[in-house]
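Coordinates in review
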Amino acid sequence: MAWWVPEEVGPDSGVRIIGAHTDSPGFVLKPQPERFSAGWPQAGVEVYGGPLLSSWFDRELSLAGEVVLADGSRTLIHTEPVLRIPRLAIHLDRDAEINRQTHVQPILTAAESTVSEVIAQAAGVEPHDIFGHWLMLADAQPPRLSGDLLASGRLDNLTSVYAGMRALEGAVASGEEGTDIWVLAAFDHEEVGSASTRGAAGPMLGEVLDRIAAACGLDPYPLYARSTMVSADAAHAVHPNYPEKHDSEHRPLLGRGPVTKINANQRYASTAATTAMWRRCCEAAGVPSQVFAGNNAVPCGSTIGPISATRLGIDTVDVGVPLLSMHSAREVCAAQDMVWFREALEAYLINS
């Protein structure tokens, strides 16, 4: 959570919120990770969210996340790329289906090591000093800019976290503050439903807004009524090999600007009023924009927008940068869309 309170805050102030999420689908190391099969040491992992499982095979993988030590201290680690999920050769099964329990456990490629030893080495401690961990598999291949296309892991949804952070920094640096409070909320656990203390369904955003209101001598409920939120999360670009998956009149393309996401069944929180608000922000920033509405025959995703809007009663619009290969270990977006998204979010804070 980050926020900026203007000097002129008062009884007519509202809050302008940029909401995003920090987590991405993938694999989490199990509490007792040591496994051994057919001569190979392995790391036991649990599927987190809805990753495209096949995209994780045959990649050099590391472990990244948090380790908790015996004394209660916590440290972040990132191991060397010593893990790999090998794919079964096509000669042995031409129609192999992926079993989420037995086929995605990575092998450990570090000679004469265990998973616990690899983690302890990265943390600079002994294995017996580690009392807990939250570690995820991470693709070791670095991001790459090819022309205007950015290929990387976790674009869903670090594209929004980055754009939101830079927009807040830019708005503050511009000196164009009015009377509204600016907030950036980056939640965890969106990929698994947001129901946690760090998720959008938890109390954090509401409590922070209540405490800001109290510190400014404001009644929180009228403050909420004067507030808006931009729920920033990645959008589906139309796939050139599967164009039928999109509605014929709503086909976002890479490099054509951020996408407003609309769903009549409230999978997204956008309304006519908030959609118009976001369109004004894009026009104020000189940024092109696109619209996504789903194909009636294809299921639609969701995000933090409806959750926060329902909990707090704050008018919300769902927007994001269009991606190809969403939920793959390596997703693709247009770099220019990232620039435009930041500029539009900054215009939202300053001009909306």
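Treat the numbers as computed from the prediction; the structure is a model and nothing was measured. (Residues numbered from 1 in each chain as written. Predicted model: local features only at pLDDT ≥ 70, side-chain atom pairs only at ≥ 80, totals over all residues. Heavy atoms only, no water.)

Here we take up the packing of helix α3 (residues 204-215) against helix α6 (residues 304-312). Packed helices, taken two at a time, are described by the angle between their axes plus the distance between the axes. Between α3 and α6, whose axes approach to 10 Å, the crossing angle comes to 45°. Here α3 is positioned oblique relative to α6, judged by the angle of their axes. You can see that α3 and α6 cross each other, and the crossing is right-handed. Listed contacts from α6 to L205, G206 and L209 of α3 are S308, R311 and L312. (Axes fitted to C-alpha atoms, helices over the stretch in contact; angles between N-to-C directions. Helix = DSSP H or I, 4+ residues; strand = E, 2+ residues; numbered from the N terminus. Parallel < 35°, antiparallel > 145°, perpendicular 65-115°, else oblique. Left-handed = near helix turned anticlockwise from the far one by under 90°. Contact = heavy atoms within 4.5 Å.)

For the protein chain, the assigned domains are domain 1 (2-23 + 153-351) and domain 2 (26-139). Distance between the C-alpha centres of domain 1 and domain 2: 32 Å. Between domain 1 and domain 2, the contact holds 11 residues from the first and 9 residues from the second. A buried area of about 740 Å², summed over both sides, lies between domain 1 and domain 2, and 55% of it is on carbon and sulfur atoms. Our count for the contact surface shared by domain 1 and domain 2 stands at 0 salt bridges. Connecting domain 1 to domain 2 are 5 residue pairs in polar contact (both at pLDDT 80 or more). (Domains from an automatic or database assignment. Buried area = accessible area lost by both parts, 1.4 Å probe. Salt bridge = Lys/Arg side-chain N within 4 Å of Asp/Glu carboxyl O. Polar contact = N/O pair within 3.5 Å; in protein donor to acceptor, adjacent residues only side chain to side chain.)

Put simply, D156 and N157 share a cis peptide bond, and its omega is 20°. The phi dihedral of E112 is positive, around 50°, even though this residue is not glycine. When you line up the elements, E112 lands in the loop between β8 (107-108) and α1 (115-123). Relative accessible area serves as the criterion here: at 83%, E112 is assigned to the exposed category. (Buried < 20%, exposed > 50% of the residue type's maximum accessible area, 1.4 Å probe, protein only.)

What follows deals with the pattern of salt bridges. Applying the stated criterion to the full structure yields 10 salt bridges. The shortest N-O distance in the salt bridge between R16 and D180 comes to 2.8 Å. In this pair, R16 sits in strand β2 (residues 15-21) while D180 sits in the loop between α2 (155-174) and β12 (181-187), placing the two residues 164 residues apart along the sequence. Note that E346 is salt-bridged to R342, the shortest N-O span being 3.5 Å. Here E346 pairs with R342, and both are found in helix α7 (residues 335-351), just 4 residues apart, close to one helical turn. According to the relative accessible area criterion, E346 is buried, its value standing at 18%. Bridged by salt links that share partners, the residues R342, E343 and E346 form one connected network.

Pairing in this open sheet of 7 strands is mixed, and the strands run β1-β12-β2-β13-β17-β15-β16 from one edge to the other. A strand with exactly one partner marks an edge of an open sheet, and here the two such strands are β1 (2-4) and β16 (290-293). Going from strand to strand, the sheet's axes swing by 25° on average, the running direction of each strand aside. Relative to β12, β2 runs parallel, the two being bridged by 7 bridges. Its bridge partner lying in β12, I17 is registered against V183. Sitting on the sheet, helix α5 (residues 272-285) is in contact with β13 (228-232), β15 (259-262) and β17 (315-320), with an inclination near 55° to β17. Strands β2, β12, β13 and β17 of the sheet are contacted by α7, whose axis makes an angle of about 150° with β2. (Pairing = 2+ DSSP bridges.)

Its 12 residues place the ends of α3 16 Å apart at the C-alpha level, agreeing with the 16 Å of an ideal helix rising 1.5 Å per residue. Here α3 has its buried residues at L205, G206, V208, L209, I212 and A213. Summarising the axial view, the buried residues of α3 lie within an arc of 165°, below the 170-degree limit, and thus occupy one face. Those residues of α3 that are exposed and angled more than 90 degrees off the buried face are R211, A214 and A215. Those residues of α3 that are buried lie in contact with β1, β2, β12, α4 (220-225), β13 and α6. (Expected span 1.5 Å × (residues − 1). Arc of directions from axis to C-beta.)

With that settled, consider a nonpolar patch on the surface. Nonpolar side chains collect at one region of the surface, where M1, W3, V5 and M204 lie side by side and expose about 330 Å² of accessible area between them. If you trace the backbone, M1 turns up in the segment before β1. Note on M1: relative accessible area 35%, which makes it partly exposed. (Patch = residues over 30% accessible without salt bridge, like charges linked within 9 Å, V, L, I, M, F, W, Y side chains within 5 Å. Areas by Shrake-Rupley, 256 points an atom, 1.4 Å probe, with all protein chains shown as cover.)

Next up on the list: the packing of aromatic side chains. Inspection of the entire model under this criterion finds 4 aromatic pairs. With a centroid separation of 5.4 Å and an interplanar angle of 85°, the aromatic rings of F27 and W56 are classed as edge-to-face. Within this pair, whereas F27 is found in strand β3 (residues 26-37), its partner W56 is found in the loop between β4 (40-48) and β5 (61-69), the two being separated by 29 residues in sequence. The exposure class assigned to F27 is buried, which follows from its relative accessible area of 0%. (Phe/Tyr/Trp six-rings, centres within 6.5 Å; stacked < 30°, edge-to-face > 60°.)

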